[in-house]
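One-letter residues, chain by chain:
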Amino acid sequence: MSRLGQLFASKEREFFDLFEEAGANCLRAAGLLEQMLQEWPDHGEKLRDVVVCEQEGDRITHDIIQRLNQTFVTPFDREDIIALASGLDDIVDFIEEVADFLGLYRIEAPMEQAQRMARVLHESTRQISDAMPRLRTLKDIHHYTVEVNRLENEGDRILREAVASLFERGIDPMMVIRWKDIFERLEDAIDSTETAVNIMAGIILKNK
């Protein structure tokens, strides 16, 4: 391979490395959130760790954009690189919001549906993380997209159940509002995993 070819190959590897970092960061953040909800209120340093993941997500996104601005040849379309970087960053941002709300709203005990949605989110980010290396070789990720879609549907079902439960129990109205915020952010995070995996599938389809 020529020196120029080696340079281009090196730049491509940098993008793929960063995307795999981002996928792993999503998985870590979702795992921490699931643990927080399982252990609440004895969550220890989990909230601080989630904030670190959010900062790491911002750093990875910044690195991707910086390399994009410095690179003439990219492994796939620039708009797709930006869309995927933003999509992965969104997942961690929503996770951080959920974790933050739990503290700000002084939640005394987690609702069981929130624990289940966090479990769905964690599994969905696992699919993203596992699928990410396949971008390097443009291998089919149909199995992963199907599973993330199934999980997104499960998250929607749990959300409906959770909202119904809030209004059935005669909970204090302010607590209903707070939990509704938390559930909506959990839903946003799960929806973002579906958006991200669909972007990945689109990239693979366009570049095969």
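Each remark here, short or long, concerns the structure printed above.
Residues numbered from 1 in each chain as written. Predicted model: local features only at pLDDT ≥ 70, side-chain atom pairs only at ≥ 80, totals over all residues. Heavy atoms only, no water.

Novice: Quick question: what am I supposed to make of the overall build of the chain here?
Specialist: Within the chain, the secondary structure is distributed over six helices and zero strands. Counting helices and strands in the order they occur from the N terminus, the chain gives α-α-α-α-α-α. The C-alpha atoms of the chain give 19 Å as radius of gyration, which agrees with the globular expectation for 208 residues (17 Å, within 12%). In terms of principal-axis extent, the alpha carbons of the chain reach across some 70 × 30 × 25 Å. Counting the 208 residues in the chain, one finds 48% classified as buried. Across the chain, contacts joining residues at least 24 apart in sequence account for 85% of those joining residues at least 6 apart. Here the chain has roughly 10,300 Å² of accessible surface; of this, 50% comes from carbon and sulfur atoms. (Helix = DSSP H or I, 4+ residues; strand = E, 2+ residues; numbered from the N terminus. Rg over C-alpha atoms; globule rule 2.2 N^0.38 Å. Buried < 20%, exposed > 50% of the residue type's maximum accessible area, 1.4 Å probe, protein only. Contact = heavy atoms within 4.5 Å. Areas by Shrake-Rupley, 256 points an atom, 1.4 Å probe, with all protein chains shown as cover.)

Novice: Got a minute to help me understand helix α6 (residues 173-207) in this structure?
Specialist: Note: α-helices contain 3.6 residues per turn, so residues at a spacing of three or four share the same orientation. Its 35 residues place the ends of α6 51 Å apart at the C-alpha level, agreeing with the 51 Å of an ideal helix rising 1.5 Å per residue. At the N-terminal end of α6, a side-chain oxygen is found 3.2 Å from the backbone nitrogen of Met 174, two or three residues along, and the residue is Asp 172. (Expected span 1.5 Å × (residues − 1). Polar contact = N/O pair within 3.5 Å; in protein donor to acceptor, adjacent residues only side chain to side chain.)

Novice: Would you mind going over the side chain of Gln 113 with me for this structure?
Specialist: Its place among the elements puts Gln 113 in helix α4 (residues 112-131). A relative accessible area of 5% places Gln 113 in the buried class.

Novice: Sorry if this is basic, but what is going on with the environment of Val 98 here?
Specialist: Structurally, Val 98 can be placed in helix α3 (residues 78-104). Once the C-alpha coordinates of Val 98 and Leu 159 are considered, the two residues, 61 residues apart in sequence, prove to be 14 Å apart. Those residues within four positions of Val 98 in sequence are excluded, and the remaining contacts are Leu 33, Ile 182, Arg 185 and Leu 186.

Novice: What exactly am I supposed to notice about the nonpolar core here?
Specialist: Within the largest apolar cluster, 64 residues are counted, with the highest numbers of intra-cluster contacts made by Leu 88 and Phe 183. Elements supplying a minimum of two residues to this core: α1 (3-39), α2 (46-70), α3, α4, α5 (142-168) and α6. At 13 residues, α6 tops the list of elements feeding residues into this core. Those residues in contact with Leu 88, other than ones at most four positions away along the chain, are Phe 19, Ala 22, Cys 26, Ile 128, Met 132 and Ala 196. (Core = buried A, V, L, I, M, F, W, Y, C linked by side-chain atoms within 4.5 Å.)

Novice: Hey, could you run me through unusual backbone geometry in this one?
Specialist: Where the residue is not glycine, phi is negative for most of them; where a peptide bond is considered, it is trans in most cases. The linkage connecting Trp 40 with the following residue, Pro 41, adopts the cis geometry, with an omega of 5 degrees. With respect to the element layout, Pro 41 can be found in the loop between α1 and α2. Positioned with a positive phi, Leu 138 is a non-glycine residue whose angle comes to about 55 degrees. In this fold, Leu 138 is placed in the loop between α4 and α5.

Novice: I tried to follow α4 on my own but got confused; where do I start?
Specialist: With 20 residues, α4 should cover 28 Å at 1.5 Å per step; its first-to-last C-alpha distance of 29 Å lies within 8% of that length. Among the 20 residues that make up α4, 15 are buried, leaving the element largely enclosed by the rest of the structure.

Novice: What am I meant to see in the packing of α2 against α3 here?
Specialist: For any two helices packed against each other, the geometry comes down to the angle between their axes and how far apart the axes lie. Put simply, α2 and α3 touch, their axes get as near as 9 Å, and they point 165 degrees apart. The angle between α2 and α3 places the two elements in the roughly antiparallel class. Between α2 and α3 the crossing geometry is left-handed. Where α2 approaches α3, its residues Leu 47, Val 50, Val 51, Cys 53, Glu 54, Gly 57, Asp 58, Thr 61, Ile 64, Ile 65 and Leu 68 are matched on the opposing element by Arg 78, Ile 81, Ile 82, Ala 85, Asp 89, Val 92, Asp 93, Ile 95, Glu 96, Ala 99 and Asp 100. Among the residues forming the contact of α2 with α3, the class breakdown is 13 nonpolar, two polar and seven charged. (Axes fitted to C-alpha atoms, helices over the stretch in contact; angles between N-to-C directions. Parallel < 35°, antiparallel > 145°, perpendicular 65-115°, else oblique. Left-handed = near helix turned anticlockwise from the far one by under 90°. Nonpolar A, V, L, I, M, F, W, Y, C, P; charged D, E, K, R; others polar.)

Novice: Please clarify how the state of the cysteines should be interpreted in this entry.
Specialist: Put plainly, two cysteines are in a disulfide when a covalent bond ties their sulfur atoms together. According to the stated counting rule, one finds zero disulfides in the structure shown. No disulfide involves Cys 26; its sulfur sits 9.1 Å from that of Cys 53, the nearest cysteine. Overall, Cys 26 belongs to the buried group, its relative accessible area being 1%. (Disulfide = S-S within 2.5 Å.)

Novice: Looking at this structure, I do not really get the environment of Leu 37. What am I missing?
Specialist: Mapped onto the elements of the fold, Leu 37 is located in helix α1. The buried category is assigned to Leu 37, whose relative accessible area is 0%. Expressed as a C-alpha distance, the spacing of Leu 37 and Phe 183, which sit 146 residues apart in the sequence, is 12 Å.

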